[in-house]
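# Summary of structural features
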Amino acid sequence: MASAKIKKGDTVVVLSGKDKGKSGEVTKVMPKDGKLIVAGANVAVRHRKPTQANPQGGLERREAPMHISKVALADPKDGKPTRVRFEEKDGKMVRVAVKSGEKVDG
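Residues numbered from 1 in each chain as written. Predicted model: local features only at pLDDT ≥ 70, side-chain atom pairs only at ≥ 80, totals over all residues. Heavy atoms only, no water.

### Some thoughts on the overall build of the protein chain
A count of helices and strands for the protein chain gives 1 helix and 10 strands. When the elements of the protein chain are put in sequence order from the N terminus, they spell out α-β-β-β-β-β-β-β-β-β-β. Computed over C-alpha atoms, the radius of gyration of the protein chain comes to 17 Å, more than 25% over the 13 Å expected from 2.2 N^0.38 for 106 residues, which places it beyond the range of a compact globule. Across the 106 residues of the protein chain, 29% fall into the buried class. Long-range pairs, those at least 24 residues apart, make up 39% of the contacts in the protein chain with a sequence separation of at least 6. (Helix = DSSP H or I, 4+ residues; strand = E, 2+ residues; numbered from the N terminus. Rg over C-alpha atoms; globule rule 2.2 N^0.38 Å. Buried < 20%, exposed > 50% of the residue type's maximum accessible area, 1.4 Å probe, protein only. Contact = heavy atoms within 4.5 Å.)

### Some words on the sheet that holds strand 8 (residues 81-82)
Across the sheet, which stays open at both edges, the 6 strands sit in the order 6-3-2-1-7-8 with antiparallel pairing between neighbours. Of all the strands in the sheet, the pair left with one neighbour each is strand 6 (66-67) and strand 8. With 2 bridges connecting them, strand 3 (residues 35-38) and strand 6 associate as antiparallel partners. Residue pairing across strands places Lys35 opposite His67, the latter belonging to strand 6. (Pairing = 2+ DSSP bridges.)

### Comments concerning unusual backbone geometry
Leave glycine aside and you will find that most residues have negative phi; peptide bonds, for their part, are mostly trans. Although it is not a glycine, Asn42 adopts a positive phi angle of roughly 55°. With respect to the helices and strands, Asn42 occurs in the loop between strand 3 and strand 4 (43-48). Of note in this structure, Asp90 is not a glycine but carries a positive phi near 55°. Turning to its location among the elements, Asp90 is positioned in the loop between strand 9 (84-89) and strand 10 (92-97).

### Points about the nonpolar core
Soluble, globular proteins show a tendency: their nonpolar side chains are buried together. One finds Ile6, Val12, Leu36, Val38, Met66 and Val71 to be the most contacted residues of the largest nonpolar core, which totals 14 residues. For this core, the secondary structure elements donating two or more residues are strand 1 (11-14), strand 3 and strand 7 (71-74). Those residues within four positions of Met66 in sequence are excluded, and the remaining contacts are Val14, Gly34, Lys35, Leu36, Val38, Ala41, Asn42 and Val71. (Core = buried A, V, L, I, M, F, W, Y, C linked by side-chain atoms within 4.5 Å.)

### A short note on the pattern of salt bridges
All told, the structure shown has 5 salt bridges when counted by the stated rule. Lys22 is the partner of Asp19 in a salt bridge, and the nearest nitrogen-oxygen pair spans 3.3 Å. Note that Glu87 and Arg85 form a salt bridge whose closest N and O atoms lie 2.8 Å from each other. Note on Arg85: relative accessible area 37%, which makes it partly exposed. Beyond isolated ion pairs, a larger network of salt bridges with shared partners links Arg48, Glu60 and Arg62. (Salt bridge = Lys/Arg side-chain N within 4 Å of Asp/Glu carboxyl O.)

### Examining the environment of Lys92
You can see Lys92 is positioned in strand 10. Expressed as a C-alpha distance, the spacing of Lys92 and Lys28, which sit 64 residues apart in the sequence, is 25 Å.

### A look at the pairing of strand 7
Where strand 1 and strand 7 come together, 3 bridges link them in antiparallel fashion. The residue bridging Val12 from the neighbouring strand is Leu73, located in strand 7. Relative to strand 8, strand 7 is paired through 2 bridges, and the arrangement is antiparallel. The residue of strand 8 that forms the bridge with Ala74 is Pro81.

See the structure below:
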């Protein structure tokens, strides 16, 4: 159920690790692996040799996947981390922030 609570496009806050406290948008979710990619967080640096496609070579920085348990959805009201619950409104299941009770867009 954790993967359904956080979706692509959500703003999340990193709870642990080297990027603790950073917030960013979820760019990809991998529910089978229980991982996701957050823009600007968990950036890995790879050394690349010069190739025909990239004649300059050099350092390549890209976001690496992180476990879903390391992030929490940002509350729409104040931006602090919050849990999510599902409520039925107008016959539809919607995500609601536990902290503020506000509906989460998405």
